[in-house]
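As a plain string of letters, each chain reads:
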Amino acid sequence: MVLIVRLVARTFRSRMDRHCAALPSLLLLLLTCLAGSTSGTGDDGAVRETSYGPSSVEIDGVNVVTVGIPYYFECRANCAPGCKYSWTRGNVSTQGPLLSLQLLDTMPTETVTCTVVNTETGASASVQKTLQVTAGPSNIQISGPTYLTTGVVSNFSCSASCYPSCSYTWTIYWNTQVLSTHDGNTVSVSPYTDTVIAETLICEAQDTISQLFITTTLTLPVASISSISIESPGTVTMGDTYSFTCYAACVPTCSFTWEYMGKTFQGDRTEIPILHQGEKRKFASHYKITFSDYSKIEPLTCVATNSISGVRINTTVDLTVIDPISVRATSEALPVAGKSFSLQCVGSQNPASITWMKNKEPMSASQTVHFTPDNVTMTFNPLLQEDDGSYQCVVTQALMIQSSVYEMQVNYGPSSVVISGVDVMTLGMTYEFQCSASCYPACQFTWSWGKETSPGSKLSLRLVEPEQTQNLSCTALNPTTETSVSAQKTLQVIDGPTNIHVSGPPFLTAGVESNFTCSADCHPSCNFSWIVSGDEQTLITAQGSAISLDLSAMAFLSDVSVECKAQETLSHLYIETTLQLQLASLSNINITGDSAVAIGSDYTYRCLAVCTPSCDFTWRFMGKTFESDRLDLTISDYSKIEPLACEAKNTLSNITIITTMNLTVTDPFLVRASPEAPPVAGRPFSLLCVGPQEPDSITWLKNHQPMLVSKRVQLSPDNTTITFSFLLREDDGLYQCLVVEGENRTIHDNTLVVVVEGGVPTLSVGYLMKVNYGPNEVLIKKANERPVGGVMLVQPGSTTELQCLSQCFPVCLITWFYRGMTLSTNGSISFTPVIPPYAAALSCIASNPVTGQNGSAMTTVEVPDGPTNVVISGPAALEIGVTASFTCQAECSPSCTFTWAVYGQTMTGSVIDITVNRHVSKESISCRAENTFNGDTATANETLSVSDPHWCGC
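Model, not experiment: these values are computed from the prediction. (Residues numbered from 1 in each chain as written. Predicted model: local features only at pLDDT ≥ 70, side-chain atom pairs only at ≥ 80, totals over all residues. Heavy atoms only, no water.)

### Side note on the overall build of the protein
Piece 1. Assigned secondary structure in the protein consists of zero helices and 88 strands.
Piece 2. The buried share among the 954 residues of the protein stands at 38%.
Piece 3. For the protein, the accessible surface area stands at approximately 50900 Å², while carbon and sulfur atoms represent 49% of it. (Helix = DSSP H or I, 4+ residues; strand = E, 2+ residues; numbered from the N terminus. Buried < 20%, exposed > 50% of the residue type's maximum accessible area, 1.4 Å probe, protein only. Areas by Shrake-Rupley, 256 points an atom, 1.4 Å probe, with all protein chains shown as cover.)

### Some details on unusual backbone geometry
Piece 1. Residue Pro54 is bonded to the preceding Gly53 through a cis peptide linkage, with omega at 5 degrees.
Piece 2. Here the bond from Tyr440 into Pro441 is cis, since omega is -5 degrees, no more than 30 degrees from zero.
Piece 3. On the secondary structure map, Pro441 appears in the loop between β40 (430-440) and β41 (444-449).
Piece 4. The phi torsion at Ser227 lies on the positive side, around 55 degrees, for a residue other than glycine.
Piece 5. With respect to the helices and strands, Ser227 occurs in strand β20 (residues 213-231).
Piece 6. One non-glycine residue, His704, lies in the positive phi region at around 70 degrees.
Piece 7. Residue placement: His704 occurs in the loop between β64 (697-702) and β65 (705-706).

### Side note on the sheet that holds β41
Piece 1. Spatial ordering of the open sheet is given by β39-β45-β44-β41-β42, a layout of five strands whose pairing is mixed. Edge positions in the sheet fall to β39 (424-426) and β42 (452-455), since each has one partner strand and no second. Neighbour-to-neighbour, the strand axes of this sheet turn through a mean angle of 30 degrees, independent of strand direction.
Piece 2. Strand direction decides the pairing type here: strand β44 (residues 469-477) and strand β45 (residues 484-494), joined by nine bridges, are antiparallel. The residue bridging Ser473 from the neighbouring strand is Gln488, located in β45. (Pairing = 2+ DSSP bridges. Axes fitted to C-alpha atoms, helices over the stretch in contact; angles between N-to-C directions.)

### Describing the nonpolar core
Piece 1. Membership of the largest hydrophobic core comes to 23 residues, with the highest contact counts inside it found for Val65, Phe73, Trp87, Cys114 and Val116.
Piece 2. At the level of secondary structure, the elements contributing two or more residues to this core comprise β6 (52-60), β8 (71-80), β9 (83-89), β11 (98-101), β12 (109-118) and β13 (124-143).
Piece 3. When residues in this core are grouped by element, the largest group, five residues, is from β8.
Piece 4. Counting residues in each nonpolar core, the second largest holds 22 residues, with Phe445, Trp447, Leu472 and Cys474 among its members. (Core = buried A, V, L, I, M, F, W, Y, C linked by side-chain atoms within 4.5 Å.)

### Structural notes on the side chain of Thr851
Piece 1. Among the secondary structure elements, Thr851 is positioned in the loop between β79 (839-847) and β80 (854-862).
Piece 2. When its relative accessible area of 5% is taken as the criterion, Thr851 is described as buried.
Piece 3. Among the polar contacts made by the side chain of Thr851, one reaches the main-chain carbonyl oxygen of Gly774 at a distance of 2.9 Å.
Piece 4. Aside from chain neighbours lying at most four places away, what touches Thr851 is Val680, Arg683, Asn772, Tyr773 and Gly774. (Polar contact = N/O pair within 3.5 Å; in protein donor to acceptor, adjacent residues only side chain to side chain. Contact = heavy atoms within 4.5 Å.)

### Some words on the state of the cysteines
Piece 1. This structure, assessed with the given rule, holds 18 disulfides.
Piece 2. Each sulfur in the disulfide pair Cys75 and Cys114 lies 1.9 Å from the other. Across the S-S bond linking Cys75 and Cys114, the dihedral sits near -95 degrees, which makes this disulfide left-handed. Of this pair, Cys75 sits in strand β8 while Cys114 sits in strand β12; the two residues are 39 residues apart in sequence, bridging distant segments of the chain.
Piece 3. Under the relative-accessibility criterion, Cys75 is labelled buried at 1%.
Piece 4. The exposure class of Cys114 is buried, given its relative accessible area of 0%.
Piece 5. Note that Cys607 is cross-linked by a disulfide to Cys646, the S-S spacing being 2.0 Å. Of note, the bridge from Cys607 to Cys646 carries an S-S torsion of about -100 degrees and is left-handed in sense. Of the two residues, Cys607 sits in strand β55 (residues 602-612) while Cys646 sits in strand β59 (residues 644-650), which places them 39 residues apart along the sequence. No difference in accessibility class separates Cys607 from Cys646, as the two residues are buried. (Disulfide = S-S within 2.5 Å.)

### What to know about the pairing of strand β85 (residues 905-908)
Piece 1. Bridging between strand β84 (residues 896-902) and β85 involves four bridges; their strand directions are antiparallel. The residue bridging Val902 from the neighbouring strand is Gln905, located in β85.
Piece 2. Hairpin connection between β84 and β85: a loop of two residues separates the two successive antiparallel strands, and Tyr903 in this loop has a positive phi of roughly 55 degrees.

### A short note on the packing of aromatic side chains
Piece 1. One pass over the structure, following the stated rule, counts four aromatic pairs.
Piece 2. Centre to centre, the rings of Phe724 and Tyr735 are 5.9 Å apart; their planes meet at 85 degrees, and the pair counts as edge-to-face. Placement of the pair is Phe724 in strand β67 (residues 721-724) and Tyr735 in strand β68 (residues 733-742), with a sequence separation of eleven residues.
Piece 3. Lying over the aromatic face of Phe726, Arg712 brings its terminal NZ or CZ to 5.6 Å of the ring centre.
Piece 4. Directly above the aromatic system of Tyr773 lies the positively charged group of Arg729, at a separation of 3.8 Å from the ring centroid. (Phe/Tyr/Trp six-rings, centres within 6.5 Å; stacked < 30°, edge-to-face > 60°. Lys NZ or Arg CZ within 6 Å of the ring centre and 35° of its normal.)

### A few points about the pairing of strand β63 (residues 685-690)
Piece 1. Within β63, five of the six residues are buried, which leaves the element mostly enclosed by the surrounding structure.
Piece 2. For strand β62 (residues 670-673) and β63, the ladder comprises four bridges, and the chain directions are antiparallel. Looking across to β63, one finds that Ala673 is bridged to Leu687.
Piece 3. As paired strands, β63 and β67 are joined by four bridges and run antiparallel to one another. Its bridge partner being in β67, Ser686 is matched across the sheet by Thr723.

### What to know about the sheet that holds strand β73 (residues 773-782)
Piece 1. A sheet is described by the order of its strands in space; here three strands give the open sequence β73-β75-β78, paired in antiparallel fashion. The outermost strands of the open sheet, each flanked by one partner alone, are β73 and β78 (828-831). Along the sheet, successive strands turn relative to each other by an average axial angle of 20 degrees, direction set aside.
Piece 2. As paired strands, strand β75 (residues 800-809) and β78 are joined by four bridges and run antiparallel to one another. Looking across to β78, one finds that Leu802 is bridged to Ile829.

### Quick look at the pattern of salt bridges
Opposite charge on two side chains makes pairing possible when the charged atoms of those side chains draw close.
Piece 1. Inspection of every chain in the model, using the stated rule, returns nine salt bridges.
Piece 2. Salt-bridge contacts for Arg620 lead to Glu647; the nearest nitrogen and oxygen are separated by 3.8 Å. Taken as a pair, Arg620 in strand β56 (residues 615-621) and Glu647 in strand β59 lie far apart in primary sequence, 27 residues in all.
Piece 3. Owing to a relative accessible area of 16%, Glu647 belongs among the buried residues under this scheme.
Piece 4. If you follow the salt bridges from partner to partner, you end up with Glu58, Asp60 and Arg76 in one network. (Salt bridge = Lys/Arg side-chain N within 4 Å of Asp/Glu carboxyl O.)

### Overview of the side chain of Thr800
Piece 1. Looking at the secondary structure, you find Thr800 in strand β75.
Piece 2. Of the residues examined, Thr800 reaches a relative accessible area of 13% and is grouped as buried.
Piece 3. Contacts of Thr800, omitting those with residues within four sequence positions, involve Lys782, Val794, Ile829, Ser830 and Phe831.

### Thoughts on the confidence of the model for the protein
Reading predicted coordinates in detail is not appropriate for stretches of low pLDDT.
Piece 1. On average, the protein scores 83 in pLDDT, and the residues at 70 or more come to 87%.
Piece 2. Counting contacts from residues 1-47, a segment whose pLDDT is below 50, to residues more than four positions away or on other chains yields 87 contacts.
Piece 3. The low-confidence segment residues 747-758 (pLDDT under 50) makes 36 contacts with residues lying over four places distant or belonging to another chain. (pLDDT = per-residue confidence, 0-100.)

### Topic: the environment of Pro524
Piece 1. Considering the arrangement of structural elements, one finds Pro524 in the loop between β48 (514-521) and β49 (526-534).
Piece 2. Pro524 sits 46 residues away from Leu570 along the chain, and the two C-alpha atoms are 7.6 Å apart.
Piece 3. Ignoring sequence-local partners within four residues, the contact set of Pro524 consists of Thr569 and Leu570.

Below is the structure:
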């Protein structure tokens, strides 16, 4: 590749007047202008000084500047007596009529301002000039492949650094001849002719504003390859050596490979000189072959590869190989499995050795393969099916030569006779059966069924006579071995589809999707179709084995017919079944009757619904249930008036719908607390009977029983108020006032029987009083055990389930405290002691949020500890006959028992008395302390000296 870069600066002339001229040079444009006169002369030749201007201010210079190139601009104006010039460009200012400008960075435009000031009058004027900025071009390069290939289009691109942009022009040369020109930054090139050995690419990049340009050149070789041929004798003889030459026309060079008998070889290469101008160089490759492997026709291929482009071409010659050695059968008999068969190596004269090969692999003798002493004959006894293959004998004389190939195909069979096809046939339908067998050569097949026969491996069978089974037989015959084998198949014969069945719900429900499935015994398969009808009209038709029905829009129907048809896909025989289903519907439920009621009056209500086939009705009112579509009510108690509810249940689908009616009691009486405060045990409390009118008499009832006055329970003079001086827990109950006007009347209301004065009784709305009390008797209790008491013993690390119990209404809030800190706010806790200390207070506080009262329980949690520091205190020595007291102490929680060991005996208690009655020099005692809770022990020992003050020693 040859790369040439050339940068050219062209000459430009500005649009200035004739006083300005452009001075071109390489990458430099210098513009200068001369200023005009600033004074004038009169007719008499005298110079007069006048003051005017500045006017006609203008800037002379180029309109386009290139980064890195210096430019000059002149500012001119008409001024007298004189002008002062200054320039401004961004933040830069200069003085004088000339401005020198050289930009170092690219930008869209640059603005220069010239300001002219009259030196006498101070008047000023300014003018601006906006310059377009360009940069480059530079860094031009061509990208693309490093060579051209005959007949192949190659793509190249040209790039350069330009501002604002560049245009590109390509010129393609061969020698000095211009082949083509192109515009754009990319070009596609293919060699002009197949005789061209190189082409030159020139790319010119020109700035679109400044018109400056730069060029680069790339020379590319043309890679080609053609005219390949092999010089060959055509016919060769086994055992001889032959030389072959491969020729190809290549530019610049080629490499050669040979392919023969599945192997690849590299040949030597010789370049043939150019014979006349314009002819391509040819290369030759030589290859020698010694033929020792027999093949009647063997291809020899030469492949030439261009060393630059990698393009490959090849050519092939077919060599006819003559072999004097062959393998033949020793008899005219065909090779048959199970019989004896021999092969002989023929054509070799006095061979040094003969080797037999099967499928290119050497053979050796076996139980079924035997060789004569000279290896000329090979015998198979018996011949097996797996003896199929290609047999050769390799003869070694002066040269190792392979014989021609004997292809042996062992005749065998038939075996593994199989009939393929259906097991069930439908009358009138045609079915295909296939008979196959393991056979060589191919077997001949014969079918038989009943009294019929048919030849061939395939059978098309159609039965028309009803019968339960049909026996089908196929016989395979080997025409060479004349051996035959038969196979049998028993066919079940049916007459169309059977056992049709529809699965699904026993009825339909309007608004509910019901799914049905149709099945039948079909061979090979069935198509299913559905017809749903009602009132002798077709409602729905569908295809497939399943259907989903939703008859919301047909709730008026009472019965629906669902029919399924199963049709065999081949015979088109069909079977049908039909389900008669009831359509259950339920809608539009409502209650008729008065919604405004009065206490003591009788009312009748009816529940109506649209039902198919029918409905059962259930009423619910005031906790009671009534079965009927009609309900008779007597409103006698307004203690808790609930909505009247009616439920309709479809007798077929069991679907239910419910409607309710809100009853309003006119002019009721009621009982309320006075004042509106919660009832608290031990505190006074009053109830007031309130109504729309003044009654003649008022009777107070508790739990439907008349109330009696007492010292604690008093009535106001008009019986409208009942007052408790203090409440007890047993004051819980339902309080009502029975108001009467008119003549005497007896009221029967469940368990209530009251004789009242007057005519019309009215039972008020009740006041259900629940007395708030507590907390009383707060206890800490283990789960399922008695209260823990003042001290609770627990093992270290153990967990105890504890409850804080109190008598409280409403339920008290519980807070547990342990070791002076809050432990929990639950009524029950799982308690694990924290040690040390080994004894700490655990308490629970019960708080009633209504009564504002608190109660608490406390216990001391003790964790067993010790015994430690066991100490025996008493005299340090004993005297014979004198009683001495000793005390055993230990640190123990909760407590310890003490056991002494003295004279080999044991005593208990923390204090013991000892009297020594024997003459010994010393006495040993021990005390063992045992913890009464966990059984832990510790022991202290003392050895005491013994003396006898009355002993003389004689």
